[in-house]
Amino acid sequence: MTTAEIFTAGLNPMQKEAVLYLNGPCLVLAGAGSGKTRVITQKIAYLLQVCGYPARGVLALTFTNKAAREMAHRIQSLLGKGPTKGLTLSTFHSLGVRMLREEAELLGLKREFSILDAEDALGIIQDMLATTDKGRLRGAAHTISLWKNALMGPDEAERAAQTPTELDAARVYRSYEATLKAYQAVDFDDLVKLPAQLLEQNEEARLRWQHRIRYLLVDEYQDTNACQYRLVQLLTGERAMFTAVGDDDQAIYAWRGATMENLARLTTDYTGIKVIKLEQNYRSVQRILQAANNVITRNPKLFEKQLWSDLGVGEPITVKPMDNEEAEAESVGMQISAGRFERQAEWRDFAILYRSNHQARILEQALRSLNIPYSISGGQSFFDKAEIRDILSYLRLIANDNDDPAFIRAVTTPKRGIGRQTLLALGEYAVSKKLSLFMAIFEPDIGEYIPERQLQSLLTFGRFIQNMQKRAGRRAGQPRDAERQAQAEPAGLLLDELLRVINYEHYLYDMFEEKPAETRWLNVLELVSWLKRKAEEDGMSLYELVQHIALISMLERGEEEEPNAVKLSTLHASKGLEYPHVYLVGVEEGLLPHQGRDDEEGDPERAEESLSTRIQEERRLMYVGITRAQRSLHLSWCRRRRRAREDLVREPSRFIEEMGLEGAAPQQADEHAALSPRERLGMLKALLDGKNKTAR
Ligand SMILES: Nc1ncnc2c1ncn2[C@@H]1O[C@H](COP(=O)(O)OP(=O)(O)OP(=O)(O)O)[C@@H](O)[C@H]1O
Ligand SMILES: [Mg+2]
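Residues numbered from 1 in each chain as written. Chains lettered and ligands numbered in written order. Predicted model: local features only at pLDDT ≥ 70, side-chain atom pairs only at ≥ 80, totals over all residues.

> Even after reading the chapter, I still don't get the overall build of the protein, so can you show me in this structure?
A count of helices and strands for the protein gives 31 helices and 16 strands. With 696 residues in all, the protein has 43% of them scored as buried. (Helix = DSSP H or I, 4+ residues; strand = E, 2+ residues; numbered from the N terminus. Buried ≥ 20, exposed ≤ 12 C-beta atoms within 10 Å, placed from the backbone.)

And the structure:
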């Protein structure tokens, strides 16, 4: 065997072709489970090991940090650790942070810029809109985000705005951008937009990055937005050495500004592009694949695709109507318990997928009471918890004294006698002097605006932060350099001192009952030990840590994983993954397809059009859900479901019918009757199995 053969062994001819093709851009367009991601990992191995590409010249972009980690894992198992050193496997956003950090100067940003999360951004927008109407607020934030993702600045947004609401949003967009600049902060969308704009406008930077990235690979291309498309185009330049893989039938992020037309656009922007289709599915048994095909065939086709599998017919797909959510959750839990025993499977072989986050709570309760270990992705993130955000606000301020939102949170938590009046006075002063809030407290004439007692309190706080900044390797307002960095005290030491000085534990027990206070304090300790570990393992400075956290908190909502546990996930977060046995719950009209918002008031034609595009996106989501399953798939829906205080009567999802299941007469709701005697025995045994520890 030649080395090339070694690195393509086990691939089918089309996959091989995709791995070996290096004469120009390459697009792999294929349905779920056909080995697209596998092509990417094998191609990276091939580039490094056979073609002699330096690892640092290869960049692969994935959709989540978790997908990047999995890819790293797969490549290391192919090549071992050594050859992959310097290889970049990351999300668009992590790449963006890196580019911004390196190019900060060109962009007029400090290297220690802050990354604002969605809540901070909403806070800023709220001030500008002067509204407390949550719907209006989120609407404006969403519109601004879509503009950013379409690479439109405030001027273009204003020209494009049609309704008064949109005009309002455009006006806010302009001052929002100015505010971010003043805070030396970027938001999530900026992480891709700013690098793209930089490369667009600055030839020197563009050439430097193009020289550096010799080969680029992108997974899940159907979910890129205009900004990401542009960034890939600019990074790869005329040489266009890239491989993109995607599936238009799995585009599920249109609501966030992704356009699956990007797939088609590649074929017109790069006329010579090599398009490769994969047709064999290696993931699912035939029944599952057939059901998935039956559903997706109802959507208009961008590209013609055939998918087949030789993994056998497989067991029938089950559909269970249930009386309500509690019954559904309990039934799924019991089926999994029984199934694990019956199939000699592991907990990790099972996944429960659902459309909306709020469905998780009842499932969690049921699993906990059945002693089934589980881990959850797509829920409230650890990093969204109030106590974690409190501590992080200090770290953000230490890293960047222009970060006004962090200043406000830190200076008021724990309380140190600084109220709204004082902050308003400080704010006015800071604006008039073009200073950040933090810097304003050190101005000589600030005492004319703020009473003595409050001022002393502010100064104590300010000097403490400055002291931490110095010891973290940086003096206020000055860039860090190697020498100062070397003298920096370890992040762990600083963290301990921070908690001690602000007396945070005491504050928690002051504010809350004993139990919740303890839970919160334990969360803080967990954060600190995680930070210390990270600082040691990855040799990150305090600043890098802080930026890294901002990314995690936005991308991976609570993805800390229990290794052998049932996986609970939203459909969106399940993209790209696979599980032997999948339970898809809440498959009913109004939930999947989701009801959506009635935001197309007025124009009935537009409303109808938007309804049908929405159903199509929901159908793709259903397709994604079905195709996560390898061996068995179980659907359920509830006749009644509680929403807020209402008790709603529900119908099965249209998608169930579209799956065209044979003998699809709905089964009886009695879940015990649906279990065979052996399954019931298994279930009992599993319940009695004292070794099962719950995940949380
Ligand atoms: N040639 C092959 N031979 C055997 N197994 C394969 C082959 N190609 C891929 N697989 C396996 O099939 C499964 C699906 O592959 P992969 O995840 O790469 O598909 P995908 O096209 O990326 O799916 P999705 O669209 O869901 O992201 C994986 O378990 C993978 O290891
Ligand atoms: Mg994939």
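> In this structure, what is going on with the site of ligand 1? I would like to understand it.
Surveying the vicinity of ligand 1 reveals 19 residues, the closest of which are Gly 35, Lys 36, Thr 37, Arg 38 and Tyr 282. The biggest single contributor to the shell around ligand 1 is helix H3 (residues 36–49), with three residues. Looking at the shell around ligand 1 residue by residue, the class counts come to four nonpolar, ten polar and five charged. (Near = placed C-beta within 6 Å. Nonpolar A, V, L, I, M, F, W, Y, C, P; charged D, E, K, R; others polar.)

> Sorry if this is basic, but what is going on with unusual backbone geometry here?
One can expect most non-glycine residues to show negative phi and most peptide bonds to be in trans. A cis amide bond, omega -15°, links Thr 413 with the succeeding residue Pro 414. The omega torsion of the bond from Leu 592 to Pro 593 falls at 5°, within 30 degrees of zero and hence cis. Assignment of secondary structure puts Pro 593 in the loop between strand S13 (579–584) and helix H28 (604–626). Here Ala 240, not a glycine, exhibits a phi torsion of approximately 50°, which is positive. The phi torsion at Asn 371 lies on the positive side, around 60°, for a residue other than glycine. When you line up the elements, Asn 371 lands in the loop between helix H17 (360–369) and strand S11 (374–377).

> Would you mind showing me how to read the nonpolar core here?
Generally speaking, soluble globular proteins have nonpolar side chains that are buried together. In this structure, Val 28, Leu 216, Ile 352 and Val 566 are the most contacted members of the largest nonpolar core, which totals 140 residues. Ranked by residue count, the leading element in this core is H3, at seven residues. Those residues within four positions of Ile 352 in sequence are excluded, and the remaining contacts are Val 332, Leu 363, Val 566, Leu 568, Tyr 583 and Val 585. If you look at the next biggest cluster of nonpolar residues, it comprises 33 residues, including Phe 438, Ile 450, Leu 531 and Val 546. (Core = buried A, V, L, I, M, F, W, Y, C linked by C-beta atoms within 7 Å. Contact = placed C-beta atoms within 7 Å.)

> Please clarify how the domain arrangement of the protein should be interpreted in this entry.
One widely used convention gives an interface's size as the accessible area the parts lose upon coming together. The domain architecture assigned to the protein consists of domain 1 (3–104 + 199–278), domain 2 (114–183), domain 3 (308–358 + 365–370 + 580–678) and domain 4 (384–474 + 487–556). For domain 2 and domain 4, the distance between their C-alpha centres works out to 26 Å. (Domains from an automatic or database assignment.)

> Even after reading the chapter, I still don't get the environment of Arg 409, so can you show me in this structure?
You can see Arg 409 is positioned in helix H19 (residues 404–412). Between the C-alpha atoms of Arg 409 and Ser 432, which are 23 residues apart in sequence, the distance is 22 Å. Each residue touching Arg 409, except ones within four places of it in the same chain, is listed here: Arg 389, Asp 390 and Ser 393.

> For this particular structure, what's the right way to read the packing of helix H11 (residues 190–201) against helix H13 (residues 226–236)?
For any two helices packed against each other, one specifies the crossing angle of their axes together with the interaxial distance. Contact geometry of H11 with H13 gives a least axis separation of 9 Å together with a crossing angle of 40°. Judged by the angle between their axes, H11 and H13 are oblique. You can see that H11 and H13 cross each other, and the crossing is left-handed. Note on element contacts: H13 touches H11 through Cys 227, Gln 228, Arg 230, Leu 231, Leu 234 and Leu 235, opposite Val 192, Lys 193, Pro 195, Ala 196, Leu 199 and Glu 200. (Axes fitted to C-alpha atoms, helices over the stretch in contact; angles between N-to-C directions. Parallel < 35°, antiparallel > 145°, perpendicular 65-115°, else oblique. Left-handed = near helix turned anticlockwise from the far one by under 90°.)

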